[in-house]
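Residue-level structural notes
So the chains spell out like this:
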Amino acid sequence: MIGFNWESCNKLGGWYNSLKNSVDDLARAGVTHVWLPPPTHSVSPQGYLLAKLYDLNASRYGNDAEIKALISALHQKAIKAIADIVINHRCATKQDSRGVWCIFEGGRIDNRLNWGPSFICKDDTKYLDGTGNLDSGAGYDAAPDIDHINPRARMELIEWMNWLKTEVGFDGWRFDFAKGYAPGVMRIYMEKTSPNFAVGEIWSGLSYGDGKPNYNQDAHRNELAKWIQDAGGVITAFDFTTKGILQTAVQGELWRMKDSNGKPPSLIGIVPKNSVTFVDNHDTGSTQKLWPFPSDKVMQGYAYILTHPRVPSIGLMKEIADLATVRRRNAISESSTVNIMASEADVYVAMVDQKIVVKIGPRYDVSSVVPPKFKVAAGGKDYSVWERTA
């Protein structure tokens, strides 16, 4: 579950304390993992411009004791805590002799994560001193790009992540801007920190024509699949392919939801076990709305991702909880099989594992498609889910 939004840092009384009060509701909804915001000192209130990585008391979401209390409450309900790991870039706390902000402090008594300009990528010309390695991934303009080829940088970041596990209680990772460094580096981080679960953010644009996404998005999903493989094959990735296709399809183009081979057209059509689907997150939705799902069709999106074979990332509301209950009751998982029964402009129908049938779209009568011995288990405006009765 996505455990915050872009405005959570402004919650009176602290976001950690607020979320702790909802842990029982999360457990009843069958939530297994909660993605929490970046927990450490940051230049920005939302936490994505990290500076002193070991300082948990300067977060706008709460302090050291409050994050540990939240994680303890989650663990008591068998829910894992996922930390938002922002290590592609980092903000300095001091200027060097040139007047450049490139002196980093770790927030400890010792010198771990106390770095200078040699830890910045050579091609990040605003901050470098010319001694770092070239960036192994995509650039990031808002803060210095960390040189992940530097052995000490890798070692100390690994130590920090393992500290988040052993001392704070986190179980796994969500890697922010994971395309900012090489997948081979990600493989090292995975091997050396052994998370219970990990997901990477590889956000790139779909291919477009005439102002809309093209029908064939194989290149986009293959990029995600290749990154997963190059990063060791264990990590998952947010399925931006599904999001892009689905939020277009629900606007009268549900024919998009089947590829030329009759399978789901996104990452789940090729590597479902490594796919994490979502409708919106703190970036695409919330108050940022960088790539929002159509607001009047959000439940169609959740009906799709909660009935299909992948790891869905969800919000918490009654309608979503009802769908999650159907998923859990029928043991739908990343290894489930999908039989697409209809994919036309106004309707999409699929059977999953011969156990459930899902319909999204405004067409009401799908009686000719839904087999007998299935009964409605959940539904709402323009979506329904049936379960096998015998």
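The shown structure was predicted, so the numbers you read here are calculated from the model rather than taken from an experiment. The numbering scheme is per chain: residues are counted from 1 as the chain's sequence reads. The predicted origin of the model limits local features to residues at a pLDDT of at least 70 and limits the giving and counting of side-chain atom pairs to 80 or more, whereas totals for whole chains, interfaces and linings rest on all residues. No hydrogens and no water enter the side-chain calculation; it runs on all heavy atoms of the structure.

1. Describing the overall build of the chain
Along its length, the chain carries nine helices and 16 strands. For a compact globule the rule gives 2.2 Å times the number of residues to the power 0.38, and the radius of gyration it is set against comes from C-alpha atoms. Against the globule reference of 21 Å for 390 residues, the chain gives a C-alpha radius of gyration of 22 Å, in line with a compact fold. With the C-alpha coordinates of the chain rotated into their principal frame, the extents come out at 75 × 45 × 35 Å. In the chain, which comprises 390 residues, the share counted as buried stands at 56%. Every residue pair with non-hydrogen atoms within 4.5 Å of one another is taken to be in contact. Intrachain contacts of the chain at a sequence separation of at least 6 include 63% that bridge at least 24 residues. What sets the accessible areas is the Shrake-Rupley method with a 1.4 Å probe; for residues, cover comes only from the shown protein chains. As displayed, the chain has an accessible area near 16000 Å², and 50% of this comes from carbon and sulfur atoms. Here Asp and Glu are counted as negative and Lys and Arg as positive; His is not counted, and neither are the chain ends. Think of each charge as sitting on NZ of Lys, CZ of Arg, CG of Asp or CD of Glu. For the chain, the distance from the average position of its 44 positive side-chain charges to the average position of its 43 negative side-chain charges is 5 Å. Starting at the N terminus, helices and strands are each numbered in turn, a helix being any DSSP run of H or I of at least four residues and a strand any DSSP run of E of at least two. Think of it in three bands: with a 1.4 Å probe and only protein chains considered, a residue is buried below 20% of the maximum accessible area for its type, exposed above 50%, and partly exposed in between.

2. Notes on helix H9 (residues 318-329)
Expected span of a helix, by definition, is 1.5 Å for each gap between consecutive residues, and there is one gap fewer than residues. End to end, H9 covers 16 Å across 12 residues, agreeing with the expected 16 Å (1.5 Å per residue, within 8%). Along H9, the residues classified as buried are Ile320, Ala321, Leu323, Ala324, Val326 and Arg327. Packing partners of the buried residues in H9 comprise helix H8 (298-305), strand S11 (311-313), strand S14 (356-360), strand S15 (374-380) and strand S16 (383-388). Where H9 terminates, the next one or two residues include alanine 331, which has phi positive at roughly 55°.

3. Focus on the sheet that holds strand S6 (residues 198-200)
Here the rule is simple: two strands pair whenever DSSP picks up at least two bridges between them. Read across the open sheet, the seven strands follow the order S1-S2-S5-S6-S9-S10-S11; overall the sheet is parallel. Only two strands of the sheet have a single neighbouring strand rather than two, namely strand S1 (33-35) and S11. For this sheet, the mean angle separating the axes of adjacent strands, direction not counted, is 25°. Bridge count between strand S5 (residues 172-175) and S6: three bridges; the pairing is parallel. Of the residues in S6, the one forming a bridge with phenylalanine 175 is glycine 200. Axis definition: a line fit to C-alpha positions, over the contact stretch in the case of helices; interaxial angles, taken between N-to-C directions, run 0 to 180 degrees. Sheet contacts for helix H6 (residues 218-230): S6 and strand S9 (236-238); angle to S9, the most-contacted strand, approximately 150°.

4. Observations concerning unusual backbone geometry
The residue serine 194 is not glycine, and still its phi comes out positive at about 45°. With respect to the secondary-structure elements, serine 194 resides in the loop between helix H5 (183-193) and S6. One non-glycine residue, aspartate 210, lies in the positive phi region at around 55°. Tracing the backbone through its elements, the reader meets aspartate 210 in the loop between strand S7 (208-209) and strand S8 (212-213).

5. Observations regarding the pattern of salt bridges
Whenever a carboxyl oxygen of Asp or Glu lies within 4 Å of a side-chain nitrogen of Lys or Arg, that contact is scored as a salt bridge. Considering all chains together, one arrives at 23 salt bridges under this definition. For arginine 152, the salt bridge is made with glutamate 156, and the minimal N-O distance between the two is 2.7 Å. With arginine 152 and glutamate 156 both in helix H4 (residues 151-168) and four residues apart, the pair spans about one turn of that helix. Here the salt bridges share partners, and the residues they tie into one network are Asp84, Arg174, Asp176 and Glu201.

6. Re the sheet that holds strand S13 (residues 347-352)
The strand order across the open sheet built from five strands is S12-S13-S14-S16-S15, with neighbouring strands paired in antiparallel fashion. On the outer flanks of this sheet lie strand S12 (338-344) and S15, each paired with one strand and no other. Averaged over all pairs of adjacent strands, the angle between their axes in this sheet comes to 15°, without regard to strand direction. Bridge count for S14 against S16 is five bridges, and the pairing is antiparallel. Counted as the bridge partner of isoleucine 360 is tyrosine 383 from S16. Of the strands in this sheet, S13, S14 and S16 touch H8, which is tilted by about 155° from S14.

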